[in-house]
Amino acid sequence: MKRLLISLMSSAAIATPVMAESLSVVGSWSSLPLHKEYEAPFWQTTLPEASGGNLQTTVTTHNQMNLGVGEVFRLLGQGVFDVGMTVGDYAVADAPELEGLDVPLVAMSADKAEAAVKAARPMVDEIFAQRFNSKVLAIAPYPPQVVFCNAEVGSLDDLKGLKIRASGRMTAKFLEALGAEGITVSFSEVPGALQKGVVDCAVTGAGSGYSAGWWEVTTHLLPIPLGGWDPVVTAINMDKWQSLDADTQALIEKQIAENFEAPAWSTAEGALANDIACLTGKGECASGDSRNLVLVEASDGDIEKAREILQSEVLPEWAERAGGDWAARWNESVGAVVGVTIKIN
């Protein structure tokens, strides 16, 4: 009888399906291409299918949940949801050292931006573990953060004296050093602010501005990465991560690197060219109707001046706020890749 019971219990264990692991996922802006083309398909379809149904997900976005962008990683660390993603710059109030991930004008191409992000990854991993009780899974780009203006501008110098919506704290500091006034306005409120004259210009990704209709309230476009590339960090709550078995962890890391992060970076450069064409009518637009913003190309002099301001004023100020050895670590990693050095006193 004992042997029979053991046999029956063993059979039941084999017949009972393994409980699927559930992940609650909060993505970045629902209206933008990064979420629609990469985040949502990956979390809703690619990963669950790759797991053979052992991973199930519920997916929403922070704007659909009416979360403040600065709350995303804070709530993630508290375990309110399992996976969260948003722009790293949105979390710098809690982690000023994170500003070093996205520095204006140090990367003029997607390849260089990707190399800079990879160099910064060990620092970002440490920041998220310490500040947000989270493990970084991926860092993917929004398009370069360019300048939309509802004012006649012909060069970087023409931004002096203008009120400009910045995409992050370091961009705001750069604008102030340039002689402009950095203004904080949420992404969704920018069109109204431009229309009412609250700001003269605004910084965001070219594709984001196209999708959000900024071309309706602006006249000029400066396709210079004045706000960097606004990398979007995807992280998982550390307690949740540590509760997963090693095989599941390996599956998630492999799938997100190959089927989310890599494709997002591989299309970043082509996306910028397409977005500029869509906004200015100069070239073929694959995204919809072309618009007619005036294209203002940055000169070599503009770039040289901007980098000088960056090195002499903006980065040293960040190094002081970040404290510790972050500036030295940045110089040895990101700085070595982009050819920029922070002067440390």
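As shown above, the structure is provided for reference.
Attention in this report is confined to the structure presented alongside it. (Residues numbered from 1 in each chain as written. Predicted model: local features only at pLDDT ≥ 70, side-chain atom pairs only at ≥ 80, totals over all residues. Heavy atoms only, no water.)

## Description of the nonpolar core
Okay, step 1: In terms of nonpolar packing, the biggest core is built from 70 residues, with L98, F128, L159, L226, L315 and W330 touching the most fellow members.
Okay, step 2: For this core, the element with the highest residue contribution is helix α4 (residues 110-132), accounting for 11 residues.
Okay, step 3: For L98, the contacting residues outside a window of four places in its chain are G88, A91, V92, V124, I127 and F128.
Okay, step 4: Core analysis: the next-biggest nonpolar cluster, separate from the first, contains 48 residues, A193, A206, Y210 and L279 among them. (Core = buried A, V, L, I, M, F, W, Y, C linked by side-chain atoms within 4.5 Å. Buried < 20%, exposed > 50% of the residue type's maximum accessible area, 1.4 Å probe, protein only. Helix = DSSP H or I, 4+ residues; strand = E, 2+ residues; numbered from the N terminus. Contact = heavy atoms within 4.5 Å.)

## A few points about the environment of E332
Okay, step 1: Tracing the backbone shows E332 in helix α12 (residues 326-338).
Okay, step 2: E332 sits in the exposed class, given a relative accessible area of 65%.
Okay, step 3: Separated by 135 residues in the primary sequence, E332 and G197 have C-alpha atoms spaced 42 Å apart.

## Regarding the environment of R74
Okay, step 1: Within the element layout of this structure, R74 appears in helix α3 (residues 72-77).
Okay, step 2: Once the C-alpha coordinates of R74 and T267 are considered, the two residues, 193 residues apart in sequence, prove to be 30 Å apart.
Okay, step 3: In this structure R74 touches D94 and F132, once residues within four positions along its chain are discounted.

## What to know about the sheet that holds strand β4 (residues 134-140)
Strand pairs in the sheet, formed through backbone hydrogen bonds, run parallel or antiparallel to each other.
Okay, step 1: Strand order in the open sheet made by the 5 strands is β2-β1-β3-β10-β4, with mixed pairing throughout. Across the chains shown, the open sheet's two edge strands, defined by having one partner strand only, are β2 (55-61) and β4. Adjacent strand axes in the sheet meet at a mean angle of 20°, parallel and antiparallel pairs treated alike.
Okay, step 2: Sheet topology note: the strand β1 (residues 21-27)/β2 ladder contains 7 bridges and is parallel. Note on β2: the bridge partner recorded for E21 is L55.
Okay, step 3: Here helix α2 (residues 33-50) sits on the sheet in contact with β1, β2, β3 (83-87), β4 and β10 (232-237), set at roughly 160° to β2. (Pairing = 2+ DSSP bridges. Axes fitted to C-alpha atoms, helices over the stretch in contact; angles between N-to-C directions.)

## Observations concerning the side chain of H62
Okay, step 1: Within the element layout of this structure, H62 appears in the loop between β2 and α3.
Okay, step 2: For H62, a relative accessible area of 0% gives the class buried.
Okay, step 3: When residues no more than four places from it in sequence are discounted, the contact partners of H62 are V26, G27, S28, W29, L67, V69, V72, M85 and T86.

## Notes on the packing of α2 against helix α9 (residues 246-266)
Okay, step 1: As a packed pair, α2 and α9 sit with axes 10 Å apart at the nearest point and diverge in direction by 155°. Classified by the interaxial angle, the pair formed by α2 and α9 is roughly antiparallel. Both α2 and α9 take part in a crossing whose hand is right-handed. On α9, the residues that touch L34, Y38, E39, F42, W43, T46, L47 and A50 of α2 are L251, I252, Q255, I256, N259, F260, P263 and A264. (Parallel < 35°, antiparallel > 145°, perpendicular 65-115°, else oblique. Left-handed = near helix turned anticlockwise from the far one by under 90°.)

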